[in-house]
Amino acid sequence: MTAPALTPTAEDLASLVLIGPFDDVLDYWETTNGCVFWQPASTRRCGRDATGYLCETHARVAHRRWARTQKKAAANQ
């Protein structure tokens, strides 16, 4: 088992907030599509302007999820 990365890539963060592992939005994403965050309550993507895959709000959400994932992985080792 490899150790988890300390600094997530943009793809790592975005993959935490997509629909699931089958979601291929990152394969065809363009900056004009905006934030890729999946909002299950409204069954749509955020779509706000974003310089990368995520807007500022959802980048913070992804960073928190990343930190929780890392903490859980460390506890399991």
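Refer to the structure above for everything that follows.
Described in the following lines is the structure provided in the data block. Predicted model, so just to flag it, every value in this text is computed and none were measured.

Reading guide: rules and limits
Residues numbered from 1 in each chain as written. Predicted model: local features only at pLDDT ≥ 70, side-chain atom pairs only at ≥ 80, totals over all residues. Heavy atoms only, no water. Helix = DSSP H or I, 4+ residues; strand = E, 2+ residues; numbered from the N terminus. Contact = heavy atoms within 4.5 Å. Core = buried A, V, L, I, M, F, W, Y, C linked by side-chain atoms within 4.5 Å. Buried < 20%, exposed > 50% of the residue type's maximum accessible area, 1.4 Å probe, protein only. Disulfide = S-S within 2.5 Å. Polar contact = N/O pair within 3.5 Å; in protein donor to acceptor, adjacent residues only side chain to side chain.

1. Things to note about unusual backbone geometry
Consideration 1: One non-glycine residue with positive phi stands out, namely Thr43, at about 45°.
Consideration 2: With respect to the helices and strands, Thr43 occurs in the loop between β1 (38-39) and β2 (44-45).

2. Examining the side chain of Gln39
Consideration 1: For Gln39, the position within the fold is in strand β1.
Consideration 2: Those residues in contact with Gln39 that sit more than four places away from it in its chain are Arg44, Arg45, Cys46 and His58.

3. Focus on the nonpolar core
Consideration 1: Counting 18 residues, the largest nonpolar core has Val17, Cys35, Val36, Phe37, Tyr53 and Leu54 as its most contacted members.
Consideration 2: Among the elements of the structure, α1 (10-16) and α3 (56-76) are those that each provide at least two residues to this core.
Consideration 3: With four residues, the single largest contributor to this core is α3.
Consideration 4: When near neighbours in sequence (up to four residues on either side) are disregarded, Val17 contacts Val36, Phe37, Trp38, Leu54, Val61, Ala62 and Arg65.

4. Side note on the state of the cysteines
Consideration 1: Tallied over the full model, the rule gives zero disulfides.
Consideration 2: Cysteine Cys46 shares no disulfide, and the gap to the nearest cysteine sulfur, in Cys35, comes to 3.9 Å.
Consideration 3: On the basis of relative accessible area, Cys46 is assigned to the buried category, the value being 11%.
Consideration 4: Cysteine Cys55 remains unbridged, with the sulfur of Cys35 as its closest cysteine sulfur at 3.8 Å.

5. Topic: the side chain of Asp23
Consideration 1: Checked against the element boundaries, Asp23 lands in the loop between α1 and α2 (25-28).
Consideration 2: In this structure the side chain of Asp23 is engaged in a polar contact, spanning 3.3 Å, whose partner is the backbone nitrogen of Val25.

No statement about biological role is implied by the geometric values presented.
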